[in-house]
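Structure at a glance
Chain by chain, the residues run as shown.
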Amino acid sequence: MALQASILPSALSHRKEGKGSNGVLKESAFLGGSVLGHPKAGIQLPVLRSQRLAKFSVKAQSTAAAVAAPGLNQASLQGKKVLRQGVVVITGASSGLGLATAKVLAESGKWHVVMACRDFLKAEKAAQAAGMAKGSYTIAHLDLASLDSVRQFVDAFRRSGRPLDVLVCNAAIYRPTARKPTYTADGYEMSVGVNHLGHFLLANLLLDDLKQSDYPSRRLIILGSITGNTNTLAGNVPPKAGLGDLRGLAGGLDGRNSSAMIDGGEFDGAKAYKDSKICNMLTMQEFHRRFHEETGISFASLYPGCIATTGLFREHIPLFRLLFPPFQKFITKGFVSEEESGKRLAQVVSDPSLTKSGVYWSWNKDSASFENQLSEEASDAAKAKKVWEISEKLVGLAD
């Protein structure tokens, strides 16, 4: 099933390389052949006019080549440099923040969005309901709860022939009311398995693709959360995030040989999510330390604001879902709509002013971005290195 639906173009139609490519090709053929090389051309065109037409024909042919050439970075077009359309992969793009971001980027015309989702039909319906144009996106099957599915996605993406310019690790599950842990296909506690380990493997496998991109600003973005950042008021709401000495992670989070919690404690669904977000932010920083200087790739994390209406809270108690949005709107003033959050994440994907690597981005009340500070644990370089090394073993990247 994963391979069958792996990489399919939106709305069951082939992606067009650009609105003007076919028209330009026809025009250049017409000017170069039908007029200038017409077999009945006993007509003598004035020399200056024919020279002008010839120059226009060459220019049109050059334009067609620039539009059609795959993997082209920049081309000279009428004296201007033209950037090719970027390709961005967004996990969990069938709803919430991921979908809102996909819509913003697709509608810009500057990006082709690969929506990496577990449910193909849900993603297609969501894209259509959002009004995303046919050909502006591709849906690809990815189940982050299965490391095999992650590897299949990477293989299918490479076979699609597309470059990779930006990877956004956005998907997440949150099970605050769960009393018992559930596990991924590989036997890891679900929240950490999906939010951290699945993305950790995906990002490491696709790093080579980002390195090979000729796009001028290549980025790897991993979503953080204020709830995992204990230097904030929200980060101090119980249960507080904390990885301890990582004994549970080192033991495999399987609930048999070790605890299902990273710190080795008793299972708590809300804490498991918060702990996974610390891992996300530590992973981003370790990517930055290991690879930014060598590759030039920008590695960033962000908190786009409290998206109180998102489906992330669908497993919370009904009373919480009812009261949380107005509480964030009128009491904390921290509420952000899905539309606004999508614009913010799209900024981190494409804004030239947000290319700094190793940064945790946030936005103020005026929707202006700024570099936020991570908590002591979420910026602990030694702990980041240890999380990385243990995670490598758990996903099969190291012995």
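To keep things clear, this report deals only with the structure shown in the data block. The shown structure was predicted, so the numbers you read here are calculated from the model rather than taken from an experiment.

1. So, the packing of helix α5 (residues 147-160) against helix α6 (residues 190-212)
Two elements in contact, α5 and α6, have axes separated by 9 Å at closest approach and are oriented at 25 degrees. Here α5 lies roughly parallel to α6, going by the angle between them. Handedness of the α5/α6 crossing: right-handed. When α5 is examined against α6, the residues Leu147, Val150, Arg151, Phe153, Val154, Phe157 and Arg158 are found in contact with a partner set consisting of Leu197, Gly198, Leu201, Leu202, Leu205, Leu206 and Asp209. For the contact of α5 with α6, the residue count by class is 10 nonpolar, one polar and three charged.

2. Notes on the pattern of salt bridges
Per the stated rule, a full pass over the model turns up 18 salt bridges. Residues Asp245 and Arg247 are paired through a salt bridge, measuring 2.8 Å at the closest nitrogen-oxygen approach. Between Lys271 and Asp275 there is a salt bridge, with the nearest N and O atoms lying 2.8 Å from each other. With Lys271 and Asp275 both in helix α8 (residues 269-295) and four residues apart, the pair spans about one turn of that helix. Considered together, Lys271 and Asp275 belong to a single accessibility category, that of buried residues.

3. Some thoughts on the packing of aromatic side chains
Evaluated as defined, the whole model comprises eight aromatic pairs. With a centroid separation of 6.3 Å and an interplanar angle of 20 degrees, the aromatic rings of Phe153 and Phe157 are classed as stacked. One end of the pair is Phe153 and the other is Phe157, both in helix α5 and four residues apart, which spans about a single turn. Assigned by exposure class, Phe153 and Phe157 land together as buried. Ring plane angle 80 degrees and centroid distance 4.9 Å describe the contact between Phe200 and Trp388, whose orientation is recorded as edge-to-face. In this pair, Phe200 sits in helix α6 while Trp388 sits in helix α11 (residues 381-394), placing the two residues 188 residues apart along the sequence. Of the residues examined, Trp388 reaches a relative accessible area of 2% and is grouped as buried. Connected via pairs of aromatic rings, a cluster forms that spans Phe200, Phe287, Phe291, Phe299 and Trp388.

Calculation rules
- The residue numbering used here restarts from 1 in each chain and proceeds along that chain's sequence as written.
- Only residues with pLDDT of 70 or above have their local features reported here, since the model is predicted, and side-chain atom pairs are shown and tallied only from 80 upward, although totals for entire chains, interfaces and linings are computed over all residues.
- By convention in this description, side-chain values take in all heavy atoms of the structure and omit both hydrogens and water.
- Here an angle of 0 to 180 degrees is reported between the N-to-C directions of two axes, which are lines fitted to C-alpha atoms, with helices fitted over the stretch in contact.
- By definition, any uninterrupted DSSP run of H or I lasting at least four residues is a helix, any uninterrupted run of E lasting at least two residues is a strand, and each is numbered from the N terminus.
- Orientation labels follow simple angle bins: below 35 degrees gives roughly parallel, above 145 gives roughly antiparallel, 65 to 115 gives roughly perpendicular, and whatever is left gives oblique.
- A crossing counts as left-handed when the near helix is turned anticlockwise from the far one by less than a right angle, and as right-handed when that turn is clockwise.
- Here, residues are in contact when the closest pair of their heavy atoms is within 4.5 Å.
- In the scheme used here, Gly and all other residues not listed as nonpolar or charged are polar, with Ala, Val, Leu, Ile, Met, Phe, Trp, Tyr, Cys and Pro taken as nonpolar and Asp, Glu, Lys and Arg as charged.
- Definition used for salt bridges: Asp or Glu carboxyl oxygen within 4 Å of a side-chain nitrogen of Lys or Arg.
- Burial classification: accessible surface area is computed with a 1.4 Å probe over protein chains only, and a residue below 20% of its type maximum counts as buried, one above 50% as exposed, and the rest as partly exposed.
- Geometry of aromatic contacts follows a simple scheme: Phe, Tyr and Trp rings, the Trp one being its six-membered ring, pair when their centres are within 6.5 Å, and the pair is stacked under 30 degrees between planes, edge-to-face over 60, tilted otherwise.

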